[in-house]
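This is what each chain is made of:
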Amino acid sequence: MLVSLFAAHAVAQGRCAMPVTSVYQGAQASDAFSSICYLGGDRLIAGKRSSNAGNRFVLSNDHGQSWSVVGCANSTGSHTYFFGHHGNVVFCGTGDTGQACLMRSNDAGLTWSVAQSSAQLRALTGSNNVRSVFSPVHLRGNAWLVNLKITDSPNKVIKSLDGGTTWFVPLAQPGQASSSWARQMIMTGDGVLLWPQVLSARMYRSTDGGASWSFATVPTAQLFQPLCDAGNGVYLCGDATATANASIQLHRSSDMGLTWSAVNSVNLQRPGTTYWRDIVRISQTLYASACCLEGTSNQRFMQLHTSNDLGITWQSLGNPYTGPFGGMQAIYQMCATKNRMVFAACQPDSNILRWQICDWQ
């Protein structure tokens, strides 16, 4: 069984792992969760891939044992993406279809309101179509930076200095052209902002909180979403490809994103798009998800990869979970909670998975 492969690898690497289990299971081919975030204590929140104002999120207050639906009145847009939180303040965006908006919670995800409507975002950025709101990042104090998918304006990020009450467009912006955009942006523990320009080899960097941007080249890359801060100046990112039966690469930097090299490659042998979707660090263990084309629940050929040397070498764990309707197609996002527990937002079948890693005694 694939779960046994997962556990066997952990033992071989001097680690232990509980079997992968599903803590939220929808019906067959019943959509997906596109985001998940640990909010501290026993609280987690996950965002639906196709949602509406009444069912944006599912929230757990008991470390994934049970979940309840939470909405955001007057919110617009479909897919619910990328949480950013600091203390009890949480931001999240929507996008891909419908009118994208930015949402805010002041009570660690219990209740939500619209922080920036679609109309406000368009007026603020000078765009006719703010397609998605991605990756809210807390900078310091009450300062936040939010990444947007915009392809008709040079404005890609917006900023707030008062905890999200008011927003403005910073003079300095990442991106090569108006059509440039990024799915994910992170602030590393070293204070470096990373913004990977999608389907290019350009990794934009800021070391001053977005006051200025430069870029590093990731050789041979077609960058997509995943970013990971592995600590001590080690960062990772990943590719996407629309070429049939083609390889996708993971890239690693050991000098705070100044130079990069490929460290892992996988070919999922699929006729359509494949992509690395997420990379997460738990203690000294890294997980990275290589995923298949969305839109059909028959493309269940994803692989979960792991590294125990901060991303220098990798090993595939195969498809990490087989449930009542088959294996996984994609792990969209992972998060680490207390006791080194990993939660994963998955497609298809509206699945949230959970597993645990620990030191081998």
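The structure we're discussing is the one just above.
In this text the structure is predicted, and so the values were computed from the model without any measurement.

**Things to note about the overall build of the chain**
Right, on to step 1. Secondary structure summary: the chain contains two helices and 30 strands in total.
Right, on to step 2. Computed over its C-alpha atoms, the radius of gyration of the chain comes to 19 Å, within 12% of the 21 Å expected for a compact globule of 361 residues.
Right, on to step 3. Based on the C-alpha atoms only, the size of the chain along its principal axes is roughly 55 × 45 × 40 Å.
Right, on to step 4. Counting the 361 residues in the chain, one finds 59% classified as buried.
Right, on to step 5. Long-range contacts, defined here as pairs at least 24 residues apart, represent 48% of the contacts in the chain between residues at least 6 apart.
Right, on to step 6. For the chain, the computed accessible surface area is about 13100 Å², with 50% contributed by carbon and sulfur atoms.
Right, on to step 7. Of the charged side chains in the chain, 23 are positive and 17 negative, and the gap between their average positions amounts to 3 Å.

**Points about the pairing of strand β15 (residues 193-196)**
Right, on to step 1. Side chains Leu 193 and Trp 195 project from β15 onto one buried face, and the interleaved Leu 194 and Pro 196 project onto a second face that is buried too.
Right, on to step 2. For strand β14 (residues 186-187) and β15, the ladder comprises two bridges, and the chain directions are antiparallel. By the bridge assignment, Ile 186 is partnered in β15 with Leu 194.
Right, on to step 3. Once β14 ends, the chain turns through five residues before running back antiparallel as β15, passing Gly 191 with a positive phi of about 80°.

**Some thoughts on the environment of Trp 213**
Right, on to step 1. Among the secondary structure elements, Trp 213 is positioned in the loop between β16 (202-206) and β17 (214-217).
Right, on to step 2. Taking C-alpha positions, Trp 213 is 41 Å from Val 23, a pair spaced 190 residues apart along the chain.
Right, on to step 3. Among residues more than four places away in sequence, those in contact with Trp 213 are Leu 145, Ala 172, Gln 173, Pro 174, Met 185, Leu 193, Trp 195, Tyr 204, Arg 205 and Ser 206.
Right, on to step 4. Within the structure, Trp 213 has its side chain in polar contact with the backbone oxygen of Gly 210 (distance 3.5 Å).

**Quick look at the packing of aromatic side chains**
To describe a pair of aromatic rings, one takes the distance between the centres and the angle between the planes.
Right, on to step 1. What the rule picks out here adds up to 14 aromatic pairs.
Right, on to step 2. Taking 5.1 Å as the distance between ring centres and 90° as the angle between the ring planes, the aromatic pair formed by Tyr 24 and Phe 33 counts as edge-to-face.
Right, on to step 3. A relative accessible area of 26% means that Tyr 24 is categorised as partly exposed.
Right, on to step 4. Here the aromatic residues Tyr 81, Phe 82, Phe 134 and Trp 181 are joined through ring pairs into a cluster of three or more.
Right, on to step 5. Taking NZ or CZ as reference, Arg 183 lies 5.3 Å from the ring centre of Tyr 81, over its face.
Right, on to step 6. Between Arg 202 and the ring centre of Phe 215, over which it is positioned, the NZ or CZ distance is 3.8 Å.

Calculation rules
Residues numbered from 1 in each chain as written. Predicted model: local features only at pLDDT ≥ 70, side-chain atom pairs only at ≥ 80, totals over all residues. Heavy atoms only, no water. Helix = DSSP H or I, 4+ residues; strand = E, 2+ residues; numbered from the N terminus. Rg over C-alpha atoms; globule rule 2.2 N^0.38 Å. Buried < 20%, exposed > 50% of the residue type's maximum accessible area, 1.4 Å probe, protein only. Contact = heavy atoms within 4.5 Å. Areas by Shrake-Rupley, 256 points an atom, 1.4 Å probe, with all protein chains shown as cover. Lys, Arg positive; Asp, Glu negative; His and termini not counted. Charge placed at Lys NZ, Arg CZ, Asp CG, Glu CD. Pairing = 2+ DSSP bridges. Polar contact = N/O pair within 3.5 Å; in protein donor to acceptor, adjacent residues only side chain to side chain. Phe/Tyr/Trp six-rings, centres within 6.5 Å; stacked < 30°, edge-to-face > 60°. Lys NZ or Arg CZ within 6 Å of the ring centre and 35° of its normal.

Remember that the coordinates give geometry; whether it matters functionally is a separate question.
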